[in-house]
Amino acid sequence: MNKKAETFKSYLDEQKIEDVFKVEELEDDFDTVIYRSQLDINGNKLPTAVIFDKSVYGMIRILVAPKVMTEKNQLEVLRLLDSYNRRYKAIKYYIDEAGSLILDVCLISSDEEESVGEMVYAMFDVIIRHLNEAYKDIMHSIWA
């Protein structure tokens, strides 16, 4: 397990945050560790991952909606996502190769940084507040 993932695990233990994440350690050149969970947004369970590796980067990734992009809704969806990407510095939306809507937050920290857990949970607070406000508009643009 890489140092940032260990620091995050220690934070979860210290805060007594149990049974929220399933941990997956990948066998790759970056010692990637994925903490998998779900966010409850307006009754919808959104698959969520917190990803740490040996680089200075970490990631919070949320599958907002699978396979949403169609020819009919493409313009409206992209306009809305572009407006969010311009408005929010930390939150970035994109459509992946399968047409699914993904929300990413890039985390930058060194291995020596002890505040990884606080940073992740501060960003979860921002993400949850944003999605609780924006989810209805996002879904409306998808179903348009």
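Residues numbered from 1 in each chain as written. Predicted model: local features only at pLDDT ≥ 70, side-chain atom pairs only at ≥ 80, totals over all residues. Heavy atoms only, no water.

Visitor: Explain the pairing of strand E4 (residues 57–65) to me, please; I cannot follow it from the model alone.
Guide: Examined bridge by bridge, strand E3 (residues 44–52) and E4 share five bridges and lie antiparallel to one another. Within E4, the residue paired with valine 50 across the bridge is isoleucine 60. Following E3, the chain reverses through four residues before pairing antiparallel with E4. As defined by bridge partners, E4 adjoins strand E6 (residues 101–108) across eight bridges and the pair is classed as antiparallel. Residue pairing for E6: leucine 63 is matched across the bridge by isoleucine 102. (Pairing = 2+ DSSP bridges. Helix = DSSP H or I, 4+ residues; strand = E, 2+ residues; numbered from the N terminus.)

Visitor: How should I be thinking about the environment of serine 100 in this particular structure?
Guide: Mapped onto the secondary structure, serine 100 falls in the loop between strand E5 (91–95) and E6. Residue class for serine 100 comes out buried when judged on its relative accessible area of 6%. Once residues within four sequence positions are removed from consideration, serine 100 is found in contact with Leu63, Ala65, Pro66, Lys67, Val68, Tyr94 and Ile95. Within polar-contact distance, the side chain of serine 100 engages the backbone nitrogen of lysine 67 at 2.8 Å. (Buried < 20%, exposed > 50% of the residue type's maximum accessible area, 1.4 Å probe, protein only. Contact = heavy atoms within 4.5 Å. Polar contact = N/O pair within 3.5 Å; in protein donor to acceptor, adjacent residues only side chain to side chain.)

Visitor: Hey, could you run me through helix H1 (residues 3–14) in this one?
Guide: Three- or four-residue spacings in an α-helix give side chains the same orientation, since the helix completes a turn every 3.6 residues. Here H1 contains twelve residues, and its C-alpha end-to-end distance of 16 Å stays within 8% of the 16 Å for a straight helix at 1.5 Å per residue. Those residues of H1 not exposed but buried are Lys4, Ala5, Thr7, Phe8, Tyr11 and Leu12. Taken around the axis of H1, the buried residues stretch over an arc of 160°, which confines them to a single face. Packing partners of the buried residues in H1 comprise strand E2 (33–41), E3, E4 and helix H3 (116–143). Between a side-chain oxygen at the N-terminus of H1 and the backbone nitrogen of lysine 4 the separation is 3.2 Å; the capping residue is asparagine 2. Positive phi appears at lysine 16, one or two residues downstream of H1, with a value of about 55°. (Expected span 1.5 Å × (residues − 1). Arc of directions from axis to C-beta.)

Visitor: Help me understand a nonpolar patch on the surface in this model?
Guide: A contiguous nonpolar patch, built from Val56, Tyr57 and Ile108 and spanning about 300 Å² of accessible area, is present on the exposed surface. On the secondary structure map, valine 56 appears in the loop between E3 and E4. Residue valine 56 is classed as partly exposed on the basis of its relative accessible area, which comes to 43%. (Patch = residues over 30% accessible without salt bridge, like charges linked within 9 Å, V, L, I, M, F, W, Y side chains within 5 Å. Areas by Shrake-Rupley, 256 points an atom, 1.4 Å probe, with all protein chains shown as cover. Salt bridge = Lys/Arg side-chain N within 4 Å of Asp/Glu carboxyl O.)

Visitor: Just checking my understanding: could you explain the sheet that holds E5 for this structure?
Guide: Note on sheets: strands pair through backbone hydrogen bonds, and any given pair is parallel or antiparallel. On the basis of which strands lie adjacent, the open sheet formed by six strands has the order E1-E2-E3-E4-E6-E5 and antiparallel pairing. One side of each edge strand has no neighbouring strand; the edge strands of this open sheet are strand E1 (22–25) and E5. Shown here is a sheet whose adjacent strand axes are inclined to one another by a mean of 25°, direction ignored. The pairing of E1 with E2 spans four bridges and is classified as antiparallel. When the sheet's bridge partners are listed, valine 23 is paired in E2 with tyrosine 35. (Axes fitted to C-alpha atoms, helices over the stretch in contact; angles between N-to-C directions.)

These results come straight from atomic positions and should not be treated as a statement about function.
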